[in-house]
Structure formats: structure tokens, C-alpha cells
Amino acid sequence: MPGTMVIINGYVFDPLNEIDGEIKDIFIKDGKIVEDLTGSGLRDAKVIDAHGKTVMPGGVDSHSHVAGAKVNGGRMMCPEDRYKWSTKKTELTHSGSGNTVHSVYVQGYDYAKMGYTTVFEAAIPPMEARHTHEEMRSTPILDMGGYLVLGNNWFIMRYLKEGNIEKAAAYTAWMMRTHKAYGIKCVNPAGVENWGWGKNVSSLDEPNIHFGITPREVIRGLAEINEMLGMPMSLHLHANNLGHPGCWETTRDSLDVTRDVKVECNMDVEWQKTKIDPKRTQSVYLAHAQFNSFGGTSWGDFESGAKGIVDYVNKSDHVVIDNGAVPFGPATVMTGDGPAIHHLYKLTGNKWSNKDIELECGSGILSFNYLKANPVHSVEWAIGLELLLLVNDPWKTILTTDHPNGGPFTKYPQVITWLMSKKARAATFAECHKWAQDRSSLGGTDREMTLYEIAILTRANPARTVGIAHRKGHLGAGADGDVTIYDFDPSKLDVNDYTKITRGFQNAAYTIKDGGIVAANGEILSVPQGRTYFTEPHKDDAIEKEMLKDVQKWFKYYTIGFANYPVPDKYIRNSAPVQVNKPLEAVVRR
Amino acid sequence: MSELLLRPKGSIDIMIEAEVINPDIFAGKTLSEIEQLIVWQGAKQLPLSGFFDVEGSAGSTAADTKIIIKGDVTRVKHIGHGMKAGEIVIEGSSGMHVGSEMIGGSILVKGDAGSWAGMEMKGGTLHITGNAGDHVGCAYRGSWRGMNGGKILIDGNARSQLGGGMNGGEIHVGGSVENFAGIRMNSGLIVVKGDAIRGVGAQMSGGIFVVSGRIKQLSPGFEYAGTEQNPKAGGTVLSGEFMKFTGDYAISKTPKGTLFASKNEGV
């Protein structure tokens, strides 16, 4: 454990504490932020002079595909994504490769160089949880966790259809503990199940094959389960009809399904005092909204549908979205939404892979390249930015590229630049297809985000949305000692000189994790092992017993034995479980 | 033009990766700086002088630099990788990846070349007087973006997957090729004076492929489009009577690929 540290003279941006560019010293002791240091603590402290620099909490990525079977599938499918992008080993760091899908080591280093310290894997198919944990534990530096894909799970669909939400909640709780997952992810609810028959669902009220359950029922059910248990994160939704022209309407209606679901976080953690309530207020967190905000009715009259989503989000208090920006260039598209990827395969003919995950879900992977000359891709670029710039309250938005779907996370600095500089957007408008200008409202907005707002979108709000703001996303006393110092002076920042913004965010001057410097100016200086966050929710024991009987009965349909299903403790490095809905005596019994 | 001589010192055990043998990199350097350039051998990084005696001098620019390799370098990979200008002459056979991703200048191999010669080449000239291995001018594993400019001349034979994913440029083979030459090509010109075994132009959607010899087994997705006397293929006029095919209909509904096959030799 590093000793004490003081970061002096920096301009601090800490939105959860409403600190907006104030010159302020930050003190760290035993890996945690403290109010002050005295005596020997102060005398022996490592001092970092952040004069003329920007200080923010360590970055938090709430939606990124960085570990597990489909990520590795993307690696295996794309040798061309590797052989021109290799990194030598050093005395400290491992070798690695990858441009859009990196090897685990490079992922850890590159996030850290960019100032990120916490990253959540966006989709864990339960059967692939072991693989996901193997990659998370091999990723250096970062604190990680992942969301369990449950939107097409046979047990969930069955219980919800039977109206047995208690059993569905007990199943969810057991699954979280069994697979050491952090939150609930729902991908193309009820639709991926249909994909087993080569079909999909096309509306919120279309019952799927066999289970006869509708997307609306799944979304509602999982959102209620989420709050019944009191999970740290709300339901994380990848809505139906993703990637089809006109899908924005389905998305808007999907968000409305959880409008009146009462938010209830019931976690056994120590909340720090911050100016803004660190607890989430949303009952649904929409993933990569860009892919779900397509307008028009075909590729011919394709246009941005962002306005419909933005209007809805602006008048709603129960929604947070991440954008899933498209920064142009190579990408690898990967999702649990098998039919959506098949649709893309039919459109492009690019190499494609698909997988059925038995009773649970599925996935698809496709190699992709977003081109500035392509009209649809150019509109997608505009949608990704519209979604962040047109939603008035930054506490409802999060910046992502849905790595590596819209593009690799290494392009976040470019996305930040577009958000902060109208001139940077104009430069890209001039290079890309005119549809971006003609078929979106991006050109009509003058908004240029401030560093304070960028800090909300890249640390404070992702942390709050996924329920980890009790330790991440702010610089108040008690928070983890994760601090990023960017080498630009906010008092002299000229957003018209926008390449400086990109460069500044690419390589942080310092990335500090748990009070130790992990990266400085693009160089890795230490490689600590991060933590793995997961939730341990609890539900009534009697119901759980009943539920387990059902699970064991249907386990004959699985290709693996029941005993091999759970993720063993040894798969987890630096285990950081969060107790959820903890009844005292139940925990003692376990 | 300044000449720089590289003489192989002896036999090489594990193949070396020598993309530093490149006029762009040699230009403006002293002899000792060139000797100290790093090549990889397995996991080791070693100076170029460990494998070659270096003589002569490099020019101030790449265009003014000619590298002459005196001897067999079949265990040296990536000679001239990505070179933009200047000249390389190999007086012997070369290893894999000679002229990979080259952009300009010229390479002459007075002997055979290993696989991946001119891989994803963008410009310049690569002339191989002997035979070439597999994947000449081809896209690398996983990609279908192959050669898109420049010229490759092979006086002898080439093996399989010549010009895979070709997007432009020209490849001329004096001898024969084996399987899947021109697979996935969508632009450019390939002329094979000798024979081809099978899979010629498989999945091609554009470009011109000429076989003056015999195609042992024509791909099934090609449609016969008549006979032509001394047809023109790009800038090249072919002599003799050729059967013209369009394809490959196996993938695209409207392919624009053209395959000329010798009427005399047949398919």
C-alpha cells in the first residue's frame, strides 16, 4: 500500500462535490482520499505539483466490452487487428497487441494511460462467467466488474410469465452470487430467444416463441427485480430493434416501461458525504443509445432519431443513457444481440460469427469499419454526439463508444474533443458525408461542454449510475485514491485549438490509483492488481430453495454439470463483494 | 546514387526480422549507425552487423540510396518492408515478406522469394527473377485488403493465393501459379503466362485476370462471355485467342470481374 500523497495547486473538477475548477489540494492516505494530512503523514507525503493542470477523479467506464468469450472471439477472428498493432514488453509491462480489441494487458495499460481506473464489462453470459473472470483478473491495474445477461434467460422468462417475480428475484440473486457478477444486463429482451429459431421480435408487445413473453414484460420484470433486491446499478438495457432504421420509437417506449418503478438501493456499503447525492436515481440505464436512436424507415431515408430520445430523456428523471459514440475508423462489433449482428452481416458481408449460449442468451461478432464517406456511418457519428449535447442535464448521460462497437475506447479523447469544441465538429462535418449535416441536428447546436461536464460524463455519472459512487467518481474524503491529472490549464484552455484537447486526454500527466502513480505521460510506472466488484444479493431462503429445485430440474438441458456452473472463488483477484438486501441472520448462516 | 553493400556473414539459425533493411531507414546514416540498426531474432534484439558485413555509404535521401545484398538471404524476413523510395537489389534468394507493404522505389530479387512477397503493396516495383512462394501481393491473414498499387513481376512460378484481395496494381507471372490466385480481387490486373490449377479469381468482384496457359479447373461461378482475339487487359495487349468469362457469380449477383483464358489451352 503506498503511503501518503498530496496533489497541490491543481484545478480540481469534482462534480459530485460541486467543485468546478477550484484550485485545491488533494490528500491521500492508505489509498483513500482524506480531508487533510498532518505531522509525519504530511512530511513524508509524495508531493505532486499540479500547477496549471486539470485534476479529476479517476475515470470510470460503465459500459465496455473488455473481457470474456465474445471479446476473445473478436480477437481470434481478427488477426488483421493485431499484427500491425503490437506492443513490446518492458521490464514492467507485458507485451500485447490489438487496435480495436486489445489483449488484456494492453487494455489495462491503455485505460490507465488515459486516466481511467475502473471499467465495467458490459455483458457476461452466465455460462461464460469463468472466462470473463479469467480475463478480468489478468487485466492489470483496473478495478473491474461485469453485468450478467438475463433478458432471454429461460428461468427468468418462465418465472416472469408465470407471474412469479419472487422466484425470479431469488434466481437473479443466486445467479449474481454464483457467477460473481455486478449488475443486471438485458439484451434485446425476448428477441434473442427467438433468434434460436432464426427470428427476432419487432415490437415491445410481441410475445416470443414458446415462452410467450413480451419484451415489455421482461423489461418491467427485471427492473422490478432489480429494485426489489436493491441492486447498486439499475437495470442496464440494450433495447429491442437495435440497428434498424426507425428503432428510436421502440427505444423511447422501452424507457417508458420503467417510469414508475420505485428506485431502491439496498447495499451494505459506507456512503461518503458528497454535495450531490451519490446514490443513483434512475430505474433504467440505456446502453449505447446511438445504436438505438436510428430514424427513418429504411437505409434510403435513414436519419438521426436522436431528437425523439433526447426529448424523452429531457423530460424524464428515471433514465440515464450512455451514447456509444462512433469516432470513425475500424471497430469490432460484438453484442449479445445475435440477430442484430446477423442483420449487419447481411448488409456488409463482413466476416461474422454467432453463438448460442444454451438456456441463457447468445452473441454475435462482426468486423467493421466506419467510414467518413459512408452516409449512414456519418449520421451515426452525429447521433452519438447529439445524444450527449442535446440532453440538458449531464447527470443523465455517460460518454462511451460501446468499446469496441462504435470504436475502441482509445478514441475517447477524440469524442471529448467533439463535445468541447464546435470547431472540431465543424472540421469533421467538412470531411464526412453530408448526411451528417442534413439528417441530424448536430450542426444546429452551439453547445461546447466544459471540463466540469466532461468530468460528469466520464467519472462522476458513470460511478453514480452503476452504484459505485460510494468509493469512485469523486474526490471527497473516504473515496478511493484514484486521481487523474491532465496536462492542460483550464484557465488558458482554448477549445478552438482542439487538437490540444485530444492530446491532453490521450495521455494523462498522472494517473493515480489507490494512492499510487500507475501512469505518467503515456508511460506505465506501476502495475498493481485491481479489484473485482460483484454483488451478493440475498432473497428469502425458502423461495431460493424452491427455485433451486427448478434450476436443477432444467439443468439437464445444459451441456455442463450443475457442480461446474458456479465461478469458484479462486477465479477472483482482490475480491470486492457488495452485500445487497442483506438480512443479518441470513448472512451469518451462510 | 550511393551504394551500400550488405554481405551475409554466414548461415542464419532462427530467421531474422529485418525491416530495417530499407533505403528510408539507411538514408542519412553513417556506416556504424547502419551496423547498429536492430533486427529481431526470435525474442532477441541484435545489431544488423551481427548478420551482415556492411560496406559503402548510404545517400542523404532514400531516393539516392541503393542497397545491394550480395548473397542468399532466404532466412531474412521483411527486407524493404514499407519502403517509400530508393532501390534494393538482392543478388540471391530472399526470405519471406520481401517488399511487404512497400509504397515506392524498387526491389530486384535475383533469385527466388519466400511467401508474402509484396504483401499489401501500395506502390513501387518488385521484380523476382526466380520463383515466388505463396501469398504474393496478397492481403494478410484475416483481411481482404490486398495490394492496391505498384507492380510485381515474377519471371518464374508463384504458388497459391497470389493477389488475394487485390485492389489495384499489376502482377505479371512468367510461369505458372497454383490455387486461388486472385481470390477476392476487386480491381487491378493479374497476368499469368503459364498454367493455373484451380480457384482462379474465386469470389472476384472486379479487376482482370489473364491465364495464357491452361486452367486445370475453372471456378464454377464464372459465365462465358464470348471469344476475343488479341484482347486488351488494362494497358496490356494479349496475343492470341481468348475465352472471356465474367464472375464470380458465386458471391455477388452483379460481379464485374473479367477472366481471360487461352482458347488453345482451354479450361
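Position numbers for residues count from 1 along each chain, tracking the sequence in the order it is written. Here every chain gets a letter starting at A, and every ligand a number starting at 1, in the order they are written. Owing to the predicted nature of the model, reporting of local features is limited to residues with pLDDT of at least 70; listing and counting of side-chain atom pairs is limited to 80 or more, with chain, interface and lining totals taken over all residues. In computing side-chain values, all of the structure's heavy atoms are included and hydrogens and water are not.

K.L.:
Report on the overall build of chain B, specifying residues and quantitative values.
P.N.:
Secondary structure counts use DSSP, requiring at least four H or I residues in a row for a helix and at least two E residues in a row for a strand, with both numbered from the N terminus. For chain B, the count of helices and strands is 2 helices and 21 strands. As defined in this context, the radius of gyration uses C-alpha atoms, and a globule is described by 2.2 Å times the residue total to the power 0.38. In summary, chain B has a C-alpha radius of gyration of 19 Å against a globular reference of 18 Å for 267 residues, a match within 12%. Once the C-alpha set of chain B is aligned to its principal axes, its extents read approximately 60 × 35 × 25 Å. Residue exposure (1.4 Å probe, protein chains only): buried if accessible area is under 20% of the type maximum, exposed if over 50%, otherwise partly exposed. Going through the 267 residues of chain B one by one, you find that 52% of them count as buried. Taking as baseline every contact in chain B between residues at least 6 positions apart, the subset at least 24 positions apart corresponds to 38%. When the accessible surface of chain B is totalled, it reaches about 10700 Å², and 46% of it is carbon and sulfur. The sign given to each residue is positive for Lys and Arg and negative for Asp and Glu; His and the chain ends receive no count. In plain terms, the charge of a residue is placed at NZ if it is Lys, CZ if Arg, CG if Asp and CD if Glu. Averaging the positions of the 25 positive and the 26 negative side-chain charges in chain B gives two centres separated by 6 Å. We call two residues in contact whenever any of their non-hydrogen atoms come within 4.5 Å of each other. Computed with the Shrake-Rupley method and a 1.4 Å probe, the accessible areas treat only the protein chains shown as cover for residues.

K.L.:
So what's going on with helix 9 (residues 248–256) of chain A? Residues and values would help.
P.N.:
Residue and element names in this part refer to chain A. Of all the positions in helix 9, only W248, T250, T251, S254 and L255 are classed as buried. Along the axis of helix 9, the buried residues cluster in a sector spanning 155 degrees; they form a single face. On its buried side, helix 9 packs onto helix 8 (215–229), strand 14 (235–238), strand 15 (284–286), helix 10 (306–314) and strand 16 (319–322). Summarising the geometry, the arc corresponds to the directions from the helix axis toward the C-beta atoms.

K.L.:
Talk me through the environment of M96 of chain B; I want residue IDs and the actual numbers.
P.N.:
All names here are of chain B. Mapped onto the elements, M96 comes out in the loop between strand 8 (87–91) and strand 9 (106–109). Separated by 19 residues in the primary sequence, M96 and K77 place their C-alpha atoms 4.9 Å from one another. Once residues within four sequence positions are removed from consideration, M96 is found in contact with M15, V76, K77, H78, G114, S115 and W116.

K.L.:
Lay out the packing of aromatic side chains in plain terms, naming residues and giving numbers.
P.N.:
Residues and elements named next belong to chain A. A pair of aromatic rings is counted whenever rings of Phe, Tyr or Trp (Trp by its six-membered ring) have centres within 6.5 Å, and the orientation is called stacked for planes under 30 degrees apart, edge-to-face for over 60 and tilted otherwise. Enumeration over the complete set of coordinates arrives at 35 aromatic pairs over all chains. Considering the side-chain rings of Y171 and W174, the 6.1 Å spacing of their centres and the 40 degrees angle between planes classify their relative orientation as tilted. Here Y171 and its partner W174 are both found in helix 6 (residues 165–179), 3 residues apart, which amounts to about one turn of the helix. When sorted by exposure, Y171 lands in the same class as W174, which is buried. With centroids separated by 6.5 Å and ring planes inclined at 80 degrees, the aromatic side chains of F211 and W554 adopt a geometry described as edge-to-face. Note that F211 is positioned in the loop between helix 7 (191–195) and helix 8 and W554 in helix 18 (residues 541–554), a separation of 343 residues in sequence. On the accessibility criterion, F211 (10% relative accessible area) is buried. Relative accessible area serves as the criterion here: at 18%, W554 is assigned to the buried category. By way of ring pairs, the aromatic residues W154, F155, Y171, W174, F211, W554, F555, Y557, Y558, F562 and Y565 are connected into one cluster. Only lysine NZ and arginine CZ atoms are considered, and such an atom sits over a ring when it is within 6 Å of the ring centre and within 35 degrees of the ring normal. In this structure, R137 is placed above the aromatic ring of Y571, and the distance from its NZ or CZ to the ring centre is 5.2 Å.

K.L.:
An account of the pattern of salt bridges is needed here, citing residue identities and associated values.
P.N.:
All names here are of chain A. Basic side-chain nitrogens of Lys or Arg form a salt bridge, by our definition, when they fall within 4 Å of a carboxyl oxygen of Asp or Glu. In the structure shown here, the tally under the stated rule is 48 salt bridges over all chains. A salt bridge links K307 to D311; its shortest N-O distance comes to 2.8 Å. Of this pair, K307 and D311 both sit in helix 10, separated by 4 residues, roughly a single helical turn. A cluster of three or more residues bridged by salt bridges with shared partners is formed by K32, D143, R471, K472, D480, D482, K513, D514 and R531.

K.L.:
Pulling in residues and values, what's your account of the sheet that holds strand 18 (residues 352–357) of chain A?
P.N.:
Residue and element names in this part refer to chain A. A pair of strands is labelled paired if DSSP reports no fewer than 2 bridges between them. With antiparallel pairing, 3 strands are arranged side by side in an open sheet as 17-19-18. Two strands lie at the open edges of the sheet, namely strand 17 (329–335) and strand 18, each paired on one side alone. For this sheet, the mean angle separating the axes of adjacent strands, direction not counted, is 10 degrees. Here strand 17 runs beside strand 19 (residues 361–370); their pairing, made up of 7 bridges, is antiparallel. The residue bridging A331 from the neighbouring strand is F368, located in strand 19. Simply put, an axis is a line fit to the C-alpha atoms, just over the touching stretch for a helix, and the angle between two N-to-C directions goes from 0 to 180 degrees. Against the sheet, helix 2 (residues 69–77) engages strand 17, strand 18 and strand 19, with an angle of about 40 degrees to strand 19. Docked against the sheet, helix 11 (residues 338–348) engages strand 17, strand 18 and strand 19, running at close to 35 degrees with respect to strand 19.

K.L.:
An account of the nonpolar core is needed here, citing residue identities and associated values.
P.N.:
Put simply, a nonpolar core is a bunch of buried Ala, Val, Leu, Ile, Met, Phe, Trp, Tyr and Cys residues held in one set by side-chain atoms that sit within 4.5 Å of each other. One finds Y111, L150, Y171, L222, W381, L419 and F505 of chain A to be the most contacted residues of the largest nonpolar core, which totals 146 residues. For this core, the leading source of residues is helix 12 (residues 375–389) of chain A, giving 9 residues. If sequence neighbours within four positions are ignored, L150 of chain A has contacts with I156, Y171, T172, M175, M176, I184, K185 and L222 of chain A. In this structure, A18, I79, L126 and A132 of chain B belong to the second largest nonpolar core, which totals 59 residues.

K.L.:
Please give an account of the sheet that holds strand 7 (residues 54–57) of chain A that cites residues and values.
P.N.:
Residue and element names in this part refer to chain A. The strand order across the open sheet formed by 7 strands is 3-2-7-21-22-23-24, and the pairing between neighbours is mixed. On the outer flanks of this sheet lie strand 3 (19–23) and strand 24 (523–524), each paired with one strand and no other. Note that strand 2 (residues 11–14) and strand 3 share 4 bridges and pair antiparallel. Across the sheet, the residue bridging to V12 is E22, located in strand 3.

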